[in-house]
Structures are given as C-alpha cells and as structure tokens.
Amino acid sequence: MATDVPPTRSVQLVEEPRLLKLKKTFVSKFKSTPKFYARAPGRVNLIGEHIDYCGYSVLPMAIEQDILIAAEPLSTPVIHLANENPSYVDFSTNANSIEINQTKPLWHNYFLCGFKGIEVELAELCTKSERYVGTEGGGMDQSICFLAEKGTAKLIEFSPLRATDVRLPRGVAFVIANSCIEMNKAATSHYNIRVMECRLATKLLAKSKGLDWKAMAKLQDVQVALKLSLEEMLTVVEEVFHPEPYSIEEIGEHLGISPKELCAQILSQNTRDVTIFKLYQRAKHVYSEAARVLEFKKICEEAPMDAIQLLGDLMNQSHASCRDLYECSCPELNQLVDICLQFGAVGSRLTGAGWGGCTVSMVPADKLERFLANVKEAYYKNSDQRLKLDENSLFATNPGGGAMVFLEA
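Note that this is a predicted model, so its numbers are computed, not measured. (Residues numbered from 1 in each chain as written. Predicted model: local features only at pLDDT ≥ 70, side-chain atom pairs only at ≥ 80, totals over all residues. Heavy atoms only, no water.)

**Some thoughts on the pattern of salt bridges**
- Within this structure, the stated rule accounts for 22 salt bridges.
- Its salt-bridge partner being R349, residue E289 comes within 3.8 Å of it at the nearest N-O pair. A residue pair is termed long-range when its members are at least 10 positions apart, and E289 in helix α10 (residues 279-302) and R349 in strand β11 (residues 347-351) qualify at 60 residues. Here the two residues E289 and R349 agree in accessibility, since each one is buried.
- Several salt bridges converge on common partners, so that one network encompasses R194, E197, K278, R282 and E327. (Salt bridge = Lys/Arg side-chain N within 4 Å of Asp/Glu carboxyl O. Helix = DSSP H or I, 4+ residues; strand = E, 2+ residues; numbered from the N terminus. Buried < 20%, exposed > 50% of the residue type's maximum accessible area, 1.4 Å probe, protein only.)

Dropping the structure here:
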C-alpha cells in the first residue's frame, strides 16, 4: 500500500488542547489565524538499522508522540517560520530563492528542504528532500510517517514502496530511552561515510563476481543479481573482503580506476576527504541485519510460545552488530542498553542513526513500572544534564497512526 497525501480530518479545537494552544501561539506571533494544522508522528525502528539505503526492508512503527504544525498560506512569496521552543529562533526567507547551507544544519532547514522538493510524490519526496541538508538517507523515517496505522508495526519495503502490517506480541511494552547524546546526522560525516562504505562494498562485490559494477549502487543489487540468499551473501562477504580497512588506492585498483576518478564518480561531496573504508564490517552488518528483519516478521506472524524471547534475542543481536560491525553506537548508548537489559528488558538496542539518540527496549508488561523506575534511577539521576531532560527521555509507547492534516470544524 502507498499514499500520495496524508489524510485530512475536521476537529473541534476545544477537544484538542494541544492544537488549541498552538493556534493561540500562532495568532500571538503572526496576528492571523492558521488555515490548517499538520501532524507528523515520532518513529522508532524496532529492527533493521542502516539497511534501508542498501535496498533492504526495515521494521519500524510510528509512536504516539508527535510534532504539530500550524500553517497559513500567504499571497506573497515569503516563508515565515517560528517554533514554540524559545531556543529555536524565528526565520524568514524568500520562497523563490531558498538556499540551504549543508555545513550548518539549522532547525528551519528541515522545513525548507521539504518545500524545495515539493514536486514529487510525498513519501519518496521526503526522502529526496532530506538530501538538501546533506544526508544520503534511505527512506524508512519518511515512509513510516505516511504509511503508519495505529496498533501495528510495519514491514517497509522499497522499490516499489509498500508496507505490510506486523502484529507485535501481546504482553510486552516498547520503551524509548534517550541517551541524551545528540547526533545530527546532517551535521556530521558519520552517517554519509557508512552510506559510501556500503556503496563501495557493492562495487567491489559486483566486480569480484563479474557483474556490471558501475550499474550497481546497493548491496541488495548484488544479492538479486547473484540470486543468492542473505546467508549465502554472508559467505560471499567472507570470501571477497579482508577485515582490515581499505584505502582509496586499494579500492581503485580493484575497480580499475584512479583514486581521483573514484572520488568524483562514487563518493558524495562530503565524504571525499575520507581515506579508509571498512567494507567487510559494513557489508556483514547489512546482510545479517536484513536477515534479522525477515526473521522478526516471521516470528511475529507464527507466534511461537517463546516468541517474546526470540524477538528479544534478535534485538540484542542487532545492537551487537551496530556496535561492533557498523560502529554506529557510542559509550552512552551501550551503557543504556546494558542497564535496560539488567532491569528486565528482553531485548534492547540502539534505534535510529546512532552515535547518540535513543534505545528501544522490549519489556514484559508486568515489569514495566519497575523497569521505568530502575532505569531512571540508574541512568538519569546520576547526571545533572540527563536529569534536566528526564521528563521526556524515558517512556513506554504503542504503535501510533501516521501523518495527518487537521482542519478546524
């Protein structure tokens, strides 16, 4: 299934206190009334990290927490943006001459990049639009935002984009915990370097198997061309790559091109100063993580007696792979995962790009209250910075609905 636009719903603002508060703030700021409101849900990836841009399915869910926007079309080509959070300053610009500085990501850039790419279909549009801020993303966040339905996670597949319901087991809660370490993937090179490492791994695998390496950009392309299973692709990875990092010169030699040609033809602009690439580790993570996603879905469908433990094991394996092979974790995330497992989580892993951000843990419902209290005491109360962020940093959530436009009735 897919959708071009989010659904629209008429609401009585007196019954929606957050929208009513937003309207009052809008009127106070702009001296006019919003014509519509938009909601975008928060998202959490249960399993399938850093594989969407390699062509593989992921398994996220939208959560109940969200972002709301009040908007009014203007007759002049001017964009005015304001944020209820006072730490984000107001911004105005001419809609006909938008420029986005990729080296200095600011909060309003995320609105501008969507506006700048408005001519294509919405779910795919948002993926392409994000690249205006310099991020070579895959599409998971944008897809679940539009395709989410309350009460179910989704298996999101790409090319073509489609979503399949995945019913999560009863008797568990999913808990989001913020490490309080911020990592803006548009402001750092970590994320894009991983994308390029996967692209280079694709080229070398294709070349080693006599395929048209220039035509292949994603690790899934190689698997499809070779008609092998994910498990068989892991064997190919062991055969083709060495664990030591590759230099640009060595990669160029394998492909028969110069380092200069490699930089110009394959690498993104913001990764051309990188000198070494870990191709073995990145490819091994991607193929094994893609297999874990399919196994997670299968367990949810078949619902064996030990389903909860099996799903937890897959989440734990995913975190270990992100930590050791993809190297997208950080000490704080690892500490938080260990604490969550210590206090009753069946499975716990980083979620999102990594290098900071959040963990997601699967916790038996009858242990939830005690789990939250213990994690709060162990991780948040021993740091003044974490304690300040504590109120919104640790919470249980259920699968929520997708993006929506509200009109005042």
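**A closer look at the packing of aromatic side chains**
- According to the stated counting rule, one finds six aromatic pairs in the structure shown.
- Both rings, one in Y88 and one in W107, keep their centres 6.2 Å apart while their planes meet at 50°; by these two values the pair is tilted. Taken together, the residues Y88 in the loop between β4 (78-81) and β5 (91-94) and W107 in the loop between β5 and α2 (109-116) connect sequence positions 19 residues apart.
- Since its relative accessible area comes to 38%, Y88 is described here as partly exposed.
- Here W107 falls in the partly exposed class, since its relative accessible area comes to 23%. (Phe/Tyr/Trp six-rings, centres within 6.5 Å; stacked < 30°, edge-to-face > 60°.)

**Some thoughts on the sheet that holds strand β8 (residues 172-178)**
- Sheet architecture is open: four strands sit in the order β11-β12-β8-β13, paired in antiparallel fashion. Two strands close off the open sheet at either side, each with one partner strand: β11 and β13 (394-397). Looking at each pair of strands side by side, their axes are set apart by 25° on average, direction ignored.
- Examined bridge by bridge, β8 and β13 share four bridges and lie antiparallel to one another. Paired with A177 across the two strands is L394, which belongs to β13.
- Taken strand by strand, helix α11 (residues 307-324) contacts β8, β11 and β12 (358-364), and its axis lies near 40° from that of β11. (Pairing = 2+ DSSP bridges. Axes fitted to C-alpha atoms, helices over the stretch in contact; angles between N-to-C directions. Contact = heavy atoms within 4.5 Å.)

**Describing the UniProt feature "domain: Galactokinase N-terminal" (unreviewed entry) in the chain**
- Residues given the UniProt feature "domain: Galactokinase N-terminal" (unreviewed entry) here are residues 25-73.
- The span residues 25-73 is 12% helix and 51% strand, and its two end C-alpha atoms sit 17 Å from each other. (UniProt positions renumbered as here; feature names shortened; annotations may be inferred.)

**Comments concerning the pairing of strand β6 (residues 153-157)**
- Across the five residues of β6, five count as buried, placing the element largely inside the fold.
- Burial along β6 is two-sided: A153, L155 and E157 and K154 and I156, pointing in opposite directions, are all buried.
- Direction of pairing for β6 relative to strand β7 (residues 162-166): antiparallel, over a ladder of five bridges. Each residue of the ladder has a partner; that of E157, found in β7, is R162.
- Counted between consecutive antiparallel strands, the loop separating β6 from β7 contains four residues, among which S159 sits at a positive phi close to 55°.

**Side note on the UniProt feature "domain: GHMP kinase C-terminal" (unreviewed entry) in the chain**
- Per the UniProt annotation, the sites labelled "domain: GHMP kinase C-terminal" (unreviewed entry) are residues 308-380.
- This span, residues 308-380, is 58% helix and 16% strand, and a straight line between its end C-alpha atoms measures 27 Å.

**With respect to the environment of P243**
- Residue placement: P243 occurs in the loop between α7 (230-240) and β9 (246-247).
- For P243, a relative accessible area of 43% gives the class partly exposed.
- Taking C-alpha positions, P243 is 32 Å from T103, a pair spaced 140 residues apart along the chain.
- Once residues within four sequence positions are removed from consideration, P243 is found in contact with Y280 and Q281.

**Quick look at the sheet that holds strand β2 (residues 36-47)**
- The four strands are arranged β1-β14-β2-β3 in an open sheet whose pairing can be described as mixed. The open sheet terminates on both sides in strands that have one partner only, identified here as β1 (8-11) and β3 (59-71). With strand direction ignored, the average angle separating the axes of adjacent strands in the sheet is 25°.
- Direction of pairing for β1 relative to strand β14 (residues 404-408): parallel, over a ladder of four bridges. Within β14, the residue paired with S10 across the bridge is L407.
- Sitting on the sheet, α10 touches β2 and β3, and the angle it makes with β2 is about 100°.

**Here we look at the packing of helix α5 (residues 190-208) against helix α8 (residues 248-255)**
- α8 packs onto α5 with a crossing angle of 35° between their chain directions and a minimal axis gap of 10 Å. The hand of the α5/α8 crossing is left-handed. In contact with L200, K203, L204 and K207 of α5, α8 contributes I251, H254 and L255.
- For the contact of α5 with α8, the residue count by class is four nonpolar, one polar and two charged. (Left-handed = near helix turned anticlockwise from the far one by under 90°. Nonpolar A, V, L, I, M, F, W, Y, C, P; charged D, E, K, R; others polar.)

**Brief notes about unusual backbone geometry**
- Residue S159 is joined to P160 through a cis peptide bond whose omega torsion reads 5°.
- Locating P160 in the fold gives a position in the loop between β6 and β7.
- Of note, A303 is a non-glycine position whose phi angle comes to about 50°, a positive value.
- Of note, A303 is situated in the loop between α10 and α11.

**A short note on the packing of α7 against α10**
- At a minimum axis separation of 9 Å, α7 and α10 run at an interaxial angle of 170°. The orientation of α7 with respect to α10, classified from their angle, is roughly antiparallel. Between α7 and α10, the contacting residues are L230, E231, M233, L234, V237 and E238 on the first element and Y280, A283, K284, Y287, S288, A290, A291 and L294 on the second.
- Class assignment of the residues belonging to the contact of α7 with α10 gives a composition of ten nonpolar, one polar and three charged. (Parallel < 35°, antiparallel > 145°, perpendicular 65-115°, else oblique.)

**What about the side chain of S288?**
- Assignment of secondary structure puts S288 in helix α10.
- Residue S288 is classed as buried on the basis of its relative accessible area, which comes to 14%.
- A polar contact is formed between the side chain of S288 and the backbone oxygen of H285, at a distance of 3.0 Å. (Polar contact = N/O pair within 3.5 Å; in protein donor to acceptor, adjacent residues only side chain to side chain.)

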